Amino acid sequence: MKMNVIAVAVAAALTAPMVSAADVTMFGDARVRYTSVGADDGTNTSASAQTTSRVRLGFKAKEGNTMVTGRLKMTNGVHGDAGADNVDSDGDVDVDYGYMSTKVAGMFDVAGGLMVANWGNKLLAWDARPNRVMISTDMINNVWMAVTFDKMAENYGGTPDASGDTDGDNDNSSMKLLVKAKVGAGTVGVLYAMDDNNTGAKDAAGNVMDVYYQGKVGPVALAFEYADLSGDAYEQVNSKGKKVNPNAMMLAGTMQAGPASVTGMYVSTAHGYGTSGNTKYLTPFSTVGTSQDTGLINVGANADTTQTVFGVVAAMPVSDTITVQGGYGMGTEEYDGIAGSKATDISIIDLQATYAVDKATSIRASYGMVTIAPGAAGADNTDINMMGLRME
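Residues numbered from 1 in each chain as written. Predicted model: local features only at pLDDT ≥ 70, side-chain atom pairs only at ≥ 80, totals over all residues. Heavy atoms only, no water.

**Some points on the overall build of the protein**
Part 1 of the reasoning: Scanning the protein for helices and strands turns up two helices and 20 strands.
Part 2 of the reasoning: Looking at the protein residue by residue over its 392 residues, the buried ones come to 37%.
Part 3 of the reasoning: Looking at the protein alone, contacts between residues at least 24 apart form 52% of all its contacts between residues at least 6 apart.
Part 4 of the reasoning: Looking at the protein as shown, the accessible area adds up to about 19700 Å², and 59% of this sits on carbon and sulfur atoms. (Helix = DSSP H or I, 4+ residues; strand = E, 2+ residues; numbered from the N terminus. Buried < 20%, exposed > 50% of the residue type's maximum accessible area, 1.4 Å probe, protein only. Contact = heavy atoms within 4.5 Å. Areas by Shrake-Rupley, 256 points an atom, 1.4 Å probe, with all protein chains shown as cover.)

Set out below in structure tokens:
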């Protein structure tokens with residue numbers, strides 16, 4: 001990260017004359033979150049809790065066809081386990097992203113720097129920020145195309161090494177082909193990635209195929225996505241010795257009923273999708289599952305498991321400045337073809353209230369709970385509670 005900080009500083013220095021005369025926009029947000037995890041074992045000795053805070057401050061500076069965009073992220077966390085005498089605390093300041101983009105020859109947009117690599121309906125979302133070069137064009141009517149060259153020195157999902165460090169000897173690179181096209185009242189997107197993941201002990205290639213749709217079908221705002229991971233970098237081997245590809249699918253529909261909206265959602269994952277390091281944000285809810293490996297994500301996902309969840313979320317304004325939202329989800333994690341295995345039941349509750357301070361600022365309070373109930377006899381339930389307060 002030090003090299004990224006230096007690179008952004010140098011870029012800022014070189015572009016100082018441009019920025020001084022540019023149209024500059026500042027933005028940011030702040031969040032405080034409390035999370036507790038406990039097992040229903042009567043002793044609460046397995047309980048743990050953490051309080052985390054995050055402040056992000058960003059800017060966009062535009063002059064002509066050139067834009068410089070950046071954001072700093074400041075985080076702090078306090079962690080403790082039940083029965084422990086010590087409490088761990090940590091803090092960090094990072095460059096969340098920082099890059100420059102410009103128009104070349106009136107046909108191509110070229111961007112380079114530390115960039116965000118999210119895609120589609122967030123079924124496939126890379127939390128790691130790659131050092132990326134992206135060349136894109138929209139010269140073809142209603143079609144946007146891009147090729148990216150990504151390089152990162154961390155695992156995609158921050159999987160810790162033997163020492164528990166998520167930064168280590170990994171050297172992952174990727175080339176991605178991206179296409180988005182307007183079709184009727186919606187947008188279809190296709191991503192194909194050719195990845196080379198070197199974790200120090202293993203150099204493996206893999207491919208990612210992702211297809212998504214966003215648009216309206218009659219009165220319903222529809223979102224669909226399917227992702228498949230293949231190749232040595234992502235293949236899993238199940239208990240029968242068969243190689244299987246991690247994959248996932250989501251389907252969501254939203255309808256308006258006057259000022260209120262109702263969203264129904266279905267998500268399925270199979271063969272360790274979520275442990276391959278590429279996924280986050282895989283529940284229908286924004287409170288739970290976003291910073292904890294809960295709900296669908298890593299409940300115990302491996303090459304033998306298939307996870308499914310159904311969710312309903314309703315949102316409604318109760319005044320000119322206050323909107324409330326509530327959601328409930330339920331699902332299962334099943335073991336494919338393992339004799340005597342019992343499905344794990346998953347339930348999710350999500351509650352939010354948002355207050356609009358003005359047109360540019362809002363405050364959101366949220367509460368989420370995930371209950372994981374293993375099917376095995378005598379196994380204890382795990383309850384994960386999350387409370388948050390966010391201003392942006």
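**Observations concerning the pattern of salt bridges**
Part 1 of the reasoning: Enumeration over the complete set of coordinates arrives at nine salt bridges.
Part 2 of the reasoning: D29 serves as the salt-bridge partner of R390, at 3.7 Å between the closest nitrogen and oxygen. Separated by 361 residues along the polypeptide, R390 in strand β20 (residues 382-391) and D29 in strand β1 (residues 23-39) bring together distant segments of the chain.
Part 3 of the reasoning: The shortest N-O distance in the salt bridge between K103 and D109 comes to 3.4 Å.
Part 4 of the reasoning: What makes K103 partly exposed here is its relative accessible area of 31%.
Part 5 of the reasoning: Overlapping salt bridges bring together D29, R54, R56, R390 and E392 as one network. (Salt bridge = Lys/Arg side-chain N within 4 Å of Asp/Glu carboxyl O.)

**So, unusual backbone geometry**
Part 1 of the reasoning: Notably, A105 is not glycine yet its phi reads approximately 60°, a positive angle.
Part 2 of the reasoning: Within the element layout of this structure, A105 appears in the loop between β4 (88-104) and β5 (108-114).
Part 3 of the reasoning: For A105, a relative accessible area of 67% gives the class exposed.

**Focus on the side chain of S174**
Part 1 of the reasoning: With respect to the helices, strands and loops of the structure, S174 is situated in strand β8 (residues 171-183).
Part 2 of the reasoning: Within the structure, S174 has its side chain in polar contact with the side chain of D195 (distance 2.4 Å). (Polar contact = N/O pair within 3.5 Å; in protein donor to acceptor, adjacent residues only side chain to side chain.)

**So, the environment of G189**
Part 1 of the reasoning: With respect to the secondary-structure elements, G189 resides in strand β9 (residues 186-198).
Part 2 of the reasoning: Between the C-alpha atom of G189 and that of V179, which follows or precedes it by ten residues, the distance is 5.6 Å.
Part 3 of the reasoning: Apart from the residues within four sequence positions on either side, G189 is in contact with W119, V179, K180, D210, V211 and Y212.

**A look at the packing of aromatic side chains**
Part 1 of the reasoning: Within the structure shown, the criterion is met by two aromatic pairs.
Part 2 of the reasoning: Measuring from centroid to centroid gives 6.2 Å for Y97 and Y99, while their planes differ by 40°, and the two rings are tilted.
Part 3 of the reasoning: Using a relative accessible area of 10% as the deciding quantity, one classes Y97 as buried.
Part 4 of the reasoning: For the pair Y266 and F310, a centre-to-centre distance of 5.0 Å together with 45° between the ring planes defines the contact as tilted. Here the residue Y266 occupies a position in strand β15 (residues 260-270), and F310 occupies one in strand β16 (residues 305-317), the gap between them amounting to 44 residues.
Part 5 of the reasoning: When the ring centre of W144 is taken as reference, the NZ or CZ atom of K180 above it lies at 4.7 Å. (Phe/Tyr/Trp six-rings, centres within 6.5 Å; stacked < 30°, edge-to-face > 60°. Lys NZ or Arg CZ within 6 Å of the ring centre and 35° of its normal.)

**A short note on the pairing of strand β19 (residues 362-373)**
Part 1 of the reasoning: Judged from the twelve bridges that link them, strand β18 (residues 344-356) and β19 form a sheet pairing that is antiparallel. Within β19, the residue paired with Q352 across the bridge is S366.
Part 2 of the reasoning: Taking the residues between adjacent antiparallel strands as the criterion, β18 and β19 are bridged by five residues.
Part 3 of the reasoning: For β19 and β20, the ladder comprises ten bridges, and the chain directions are antiparallel. Residue pairing for β20: A365 is matched across the bridge by L389. (Pairing = 2+ DSSP bridges.)

**Notes on a nonpolar patch on the surface**
Part 1 of the reasoning: Taken together, the side chains of V32, M316, V318, I322, V324, Y355, V357, I363, L389 and M391 define a hydrophobic patch exposed on the protein surface, amounting to about 810 Å² of accessible area.
Part 2 of the reasoning: Of all elements in the fold, only β17 (322-335) and β20 reach the threshold of two or more residues within the nonpolar patch.
Part 3 of the reasoning: The residue M316 is located in strand β16 in this model. (Patch = residues over 30% accessible without salt bridge, like charges linked within 9 Å, V, L, I, M, F, W, Y side chains within 5 Å.)

**Considering the environment of S239**
Part 1 of the reasoning: With respect to the secondary-structure elements, S239 resides in the loop between β12 (236-237) and β13 (243-244).
Part 2 of the reasoning: Overall, S239 belongs to the exposed group, its relative accessible area being 53%.
Part 3 of the reasoning: Residues S239 and A303, 64 residues apart in the sequence, show an inter-C-alpha distance of 7.6 Å.

**Here's the deal with the pairing of strand β7 (residues 143-152)**
Note on strand geometry: in a regular strand, side chains alternate between the two faces of the sheet.
Part 1 of the reasoning: The pairing of strand β6 (residues 131-137) with β7 spans seven bridges and is classified as antiparallel. Bridging across to β7, I135 finds its partner in V147.

**Re the confidence of the model for the protein**
Part 1 of the reasoning: The pLDDT averaged across the protein works out to 76; a share of 70% of its residues lies at or above 70.
Part 2 of the reasoning: Taken element by element, the predicted model of the protein shows its lowest mean pLDDT in helix α1 (residues 2-14) (43) and its highest in β5 (95).
Part 3 of the reasoning: Every residue in residues 1-15 scores below 50 in pLDDT, and together they form nine contacts with partners more than four places removed in sequence or on other chains.
Part 4 of the reasoning: The model gives residues 154-169 a pLDDT under 50, and that stretch makes 31 contacts with residues more than four places away or in other chains. (pLDDT = per-residue confidence, 0-100.)

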